[in-house]
Structures are given as C-alpha cells and as structure tokens.
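# Coordinates in review
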Amino acid sequence: MNRNKKKRLTLLQRRSLMGYLFILPWFVGFILFYVRSLILTGQFAFNKLTIDTVNGGYILDPVGFENFRYAFQVHGTFKQVLTSSVLNMLVDVPLIIFFSLFMAMLLNKKFPGRAIVRAIFFLPVLLNSSAITAAMEMSRQMMNGGVSTQAAEMAASGTANLAFSIDYLVDMFMNLGLPASLVEYIEAAVGRINDIIAASGIQIIIFIAALQSIPGSMYEVAKIEGATGYETFWKVTFPMVMPHIITNVVYTIVDSFTESDVVNLAYDTAFNEFNYGLSSVFSLVSTVVTCVILVVICGAIQKRTFYYN
Amino acid sequence: MQKEISIKTGMTKIRATFQDPDQTKRLFNNVKGFLLVLLRALILIGVGYVILAPVIGMFVNSISSDTDAYNPMVFVLPQFPTLEKYALVLKRLNYFSVISKDLLYTITLTLLQLFICSMVGYGFARFNFPLKKLLFGCVVVMIVIPSHTIMLPLYMTFRNLDLFGLGRALTGTSGLMGTVIPMYIMTILGTGVRSGLYIYIFNQFFRGLPKEIEEAALVDGCGVWYTYFKIMLRNAMPAVITVAVFSIVWQFNDTFYAKLFLISDQIVISKRISGLAGTIANMDKILVPSIQELYTDAGIILVLLPVLIIYLVLQKYFIEGVERSGIVG
C-alpha cells in the first residue's frame, strides 16, 4: 500500500525531492558547521572554556556575563580596535564604491589595449593574500628605514613622495573655505589610495558586468531626447547600476571586516592566550556590529533603489 | 609662391570653419573628444602604475645583488643583476616539493568546490521545493557571516573528531588537526572557502539559461542527473571558469583556515613565506634587514608565479565569464 503511494508521487513532488537531493550536501554542511558553530560560539561566550587534555574534549564553566564585562570594561585594546575597524570600514566603503564605479565606467568603453588594462585591474585580488601583504608590509617598513632608496621610492610612491604637495594643496583648500573635515577626509583618501585600489578589484568587475547589462536602447532614447552625458549618467546609468551598489556594499563591508584587526585580536586571544571564551565574545560582538551596519546601510540604500525588472 | 598659396588657402579654410557654426561645433567636439581620451589614458596609466608598482618593485628587488641594495643611484634597473636570491630561496622554501603539494591540494579542492557548488546552485535554480526562499537566505547568510565567528567551534570540533575511532586505529592519534582533512570535509559539504559566493554565482547563472534545453532533454528521456552533468554544466562554462579562477586564487592564498587547522607549511606555501626571512637569517646568517627583504621579495614572486600564470591563461575567459555569468543577477 505504502509502496503504491510512493510510486504515485506527482511529477512536481518528484522534482521537489530531486531539488532537496541536489542541495543536500550543502544543507548538511550548513547545519553542521554554521548553525551548530554559531550556537556553540554563543555558548562559549558565556562560559570559561578549558581544554581537557586527558579525554580530548573541553570543559565549560558557566560564568554568565563575566566575559562580556571583561571585554568591555577591563580588556585594554578591544574597544579601541573595534571602533577603529568600524571607522576604517565606514571611511573606506564609499570611497571604494565610487572609485570602482568610476573605474568600471572607464574600462567599459572600447579602447586599444582594453584587455591588458582589465587584466591589470584584477591583479590586486591575486595579491591580496594576508601572507603576502604581511611580507609586503614588512618589506615596506624596512624600506622606509632608508637603506634601499630605490625600493622606498617604489613603495611610497602613493604617499611619502607627495607629502609636500599634499600639505600645499590642503592649505590651499582650507584657505578656499572648504570645511576642514571634508578636506581631511579627502586627504586621508589620497593617503590610502593603495589600500583602496587593492580592495576594489572584485567591485570593479561587478560594476563592469552591471554596466554591460544595461540595454543600449536606453542610451539611444536618451540621446534622441537630447540628454547630455551628465544627465545620461544620473538618469540612466546610475539608477540602473543602483541594485549592484548594494551587492558591492555588502561585499566590501564583509571583506573589510574579515581582514580587520578585530579578527586578528580574536585569533590571538584564542590561540596565543588560550582565552577561548573571551575570543568568542570578540567574534560575536564584531559580527553583531557588522550585521547591524549591513542592515542599516542596505536598508538606507534599498529605499532609494530603483528596480528595472 | 607655392607656400603663400597654401597658407592663404589654409587661412580661408580656418576662417570658413569659424564662420560656419556647424563646422565650429565639429571642431570643438573633436578637441573635446581628444582631451577626454587623453584624460582617460592618464587616469588608467596612473592607477595601473599604482597597482603594478609594488610588483615591479619586488621583481627588481629579487634580481638585484647586495651592492645594488646599498647603491642609492640604482633605480628600477639593477647594476649587477643576479639570480642568486632565487637559487637560495628555492632551496630554503623547498619550493618544488611544496608547491606541487600545494597545487595538488588547491586544485583538488577547486574541483570539489566546482562540483558541489554547481550542484547546489543548480538545485536552487531549477527545482521548486518548500522553504526554498528560506534556504537560499541561508546561503546569503553564509556569505555575510565572517568566518572568524565560527572558527573556535570548528577548531574544537575537528580537534576531537574521530569518526568511528578510525583515526586512532590508523594513526594512533585522534583529531584531525595538522592534516588537510578538515578542509576537504568542509568543501565536500559545501562550506569551504567562500563556497556561499560560488553557490550564489552558479544559481544566478543557471537561472539565466533557457529552460527549453532541459525540457528537450527530458522529452528525449534524459534523467535529471544526466541533464545536469552533460547538458547544464557544459552550458555553464563561463560560470565554471569564473568560479574556478576565484576558487584557485582564494584557496591558494588562504592562510586563515590553514592557520586554524594547523595545516603544515610543507603543504601550504603561503604559510611558509611569512617565515622565510627568519629561516634565511638563521640558516644563512644574513642579518641585514634590507638584504633579507630582497630574499623575501624573491620568495613572494616565486609563490605568486603559478597563480599568475593560471590567471593570465584564463583571464580572457574569466572576464568574459564574469560579464556573462550574471554575478550581477
């Protein structure tokens, strides 16, 4: 009886069963490694964790909010590292988004040598490994030490060389009466040009793809109606790219957080100081902060987003 | 005489140009276009230089000799180029043995990623089942949650994981720390390095493919798995290449999971590079930081080389693939 029933599954039911089969491996992994881990991280945060060397497990001593209290009231650097990471991220995100949109628009035009230029622009993604950046950072610091002038010039071409002229320009803009905070922001942006370029490889590619997906007929209409290039950008290109700005903002925020100092702090606390509970608190707090920022920013953008389809 | 005439005609031409508003406009547009092209070229060259400068700098460093490092007159072109830095670094990194192991590790993981993520992405794109939206939301959550949030439980889990006592029976130790097995397990279960993103890319791409192909296959009596392997996956080449490049690059560069699972630096070369300066200082008594740095640079160039070659070979398909694979949705 039962068997007969099984055979009489409709095509739709069979398809949906197939669908579950297809996503099964991921589902198991998600439950095992993500859901379970998130719950465990939460649990660790409220406990003192000691590794049981005899039986090869771990022992949990509930301590309530002690770890949180320690992180926020006693720990020397956590709050400072967290705020600086968040601030860095908030400064970087708009810069990266605008820079990558601008670059994508330049790269989207047809010109000789476009393939090579595009290949170069994706290069930072390859170079963005933490080991390599660490080594590069080290060598940069050494270069600033001064023995090898040639290398120092190479490494510092973004900042140190321009120090004089940046001061000069800053003075000039200040005298023009621009708000000091704006000038400082732009100055900081110029100083971080290396970081910004290095962080915008993927964003540029996403924007190029977005620009390619805008139907050409829209530009034709705009042209026939007599729109200038400026108007075309704000009335056609920008609204059409808007949904992808959200994608890019999410990607940029997550990316900058996974490489921020908070992660290193959490790692060091766990594996160098063996204070697992505290490390869980760091991870948890920083994740919650990231998620709140993501929700707020995406919500704000989403309201102003225009969806073509 | 000839000259005079030509100057005269030239003058009249210029005068005519300025008198005729149409021609003035055309001239103006031409100049504007030229200036725009010039500006674009300047910006692109400038940014391109900023990107390439550290790479060029590292390459130059890696081939310059000790005397060049001390000579402030040397810029970009070393006076006494040498390959001795590479020779020593090759030896100290144990390069060929480690890199072949690392490439094997990276490429097998990439193949697994491709297989699993395309399968899951296809499942989400083409089948309707209850709770699909919620489950796909979970994929997005996976992309958004930073991996350090779950690192401790992962560490604890794999430290003590011993399925049916197999590990103890075979090797005498329980737990999987220091081996590559955790990484394989996670990848097979669709939660490897940035798997969420790959699932998302595949999902978007499969959704963009016409349904008629599959219907034709179904009518011809083709099973679901066969359709997926032989028809859909073949058509998804742009997405496959995109994901393959991302996966190779990120897996190869990954140090987070390698550190977390204590994977030996005999397998993961990017872990080895951070200790290179120390090794060279200890074993070869090269203690001047500015000379050590030349060796580090040579090491980085060597480590980057395989990924760089893979990228250069695939980059044409890759960028086309990104454009067509609907990363964008």
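Residues numbered from 1 in each chain as written. Chains lettered and ligands numbered in written order. Predicted model: local features only at pLDDT ≥ 70, side-chain atom pairs only at ≥ 80, totals over all residues. Heavy atoms only, no water.

What follows is about the nonpolar core. The biggest cluster of nonpolar side chains holds 169 residues, and the ones touching the most others in it are Trp26(A), Phe121(A), Ile245(A), Phe124(B), Leu154(B), Trp250(B) and Phe261(B). Of all the elements, helix α4 (residues 78-108) of chain A adds the most residues to this core, at 15 residues. When we break this core down by domain, the ones giving at least three residues each are domain 1 (2-70) and domain 2 (86-324) of chain B. In this structure Phe121(A) touches Met103(A), Leu107(A), Gly201(A), Ile204(A), Leu44(B), Val47(B), Gly48(B) and Ile51(B), once residues within four positions along its chain are discounted. (Core = buried A, V, L, I, M, F, W, Y, C linked by side-chain atoms within 4.5 Å. Buried < 20%, exposed > 50% of the residue type's maximum accessible area, 1.4 Å probe, protein only. Helix = DSSP H or I, 4+ residues; strand = E, 2+ residues; numbered from the N terminus. Domains from an automatic or database assignment. Contact = heavy atoms within 4.5 Å.)

This next bit is on the packing of aromatic side chains. Per the counting criterion, the structure on display carries 37 aromatic pairs over all chains. Taking 5.2 Å as the distance between ring centres and 25° as the angle between the ring planes, the aromatic pair formed by Phe22(A) and Phe127(B) counts as stacked. Here the residue Phe22(A) occupies a position in helix α2 (residues 11-45), and Phe127(B) occupies one in the loop between α5 (95-126) and α6 (132-144), the pair thus bridging two chains. Here Phe22(A) and Phe127(B) have matching classes, each one buried. Their ring planes at 70° and their centres at 5.6 Å tell us that Trp26(A) and Phe124(B) sit as a pair that is edge-to-face. Of this pair, Trp26(A) sits in helix α2 while Phe124(B) sits in helix α5, each in a different chain. Sitting above the plane of the Trp250(B) ring, Arg194(B) keeps its charged end 4.0 Å from the centroid. Of note, Lys259(B) hangs over the ring of Tyr267(A), and the distance from its end group to the ring centre comes to 4.5 Å. (Phe/Tyr/Trp six-rings, centres within 6.5 Å; stacked < 30°, edge-to-face > 60°. Lys NZ or Arg CZ within 6 Å of the ring centre and 35° of its normal.)

Moving on: the domain arrangement of chain B. All names here are of chain B. The domain boundaries assigned to chain B delineate domain 1 (2-70) and domain 2 (86-324). Just the C-alpha atoms count here: the centres of domain 1 and domain 2 sit 43 Å apart. In this assembly, 11 residues from domain 1 lie in contact with 10 residues from domain 2. Summing both sides of the interface, domain 1 and domain 2 together bury roughly 850 Å²; the carbon and sulfur share of this comes to 68%. When the buried surface of domain 1 facing domain 2 is broken down by residue, Met-58, Asn-61 and Ser-62 rank first, second and third, together holding 52% of it. The interface formed by domain 1 and domain 2 includes 0 salt bridges. Sorting the residues of the side of domain 1 that touches domain 2 by element identifies α2 (21-63) and α3 (66-70) as the ones contributing at least two each. Examining the composition of the side of domain 1 that touches domain 2, we find that 6 residues originate from one element, α2, more than from any other. A breakdown of the residues in the side of domain 1 that touches domain 2 according to their chemical character gives 6 nonpolar, 4 polar and 1 charged. (Buried area = accessible area lost by both parts, 1.4 Å probe. Salt bridge = Lys/Arg side-chain N within 4 Å of Asp/Glu carboxyl O. Nonpolar A, V, L, I, M, F, W, Y, C, P; charged D, E, K, R; others polar.)

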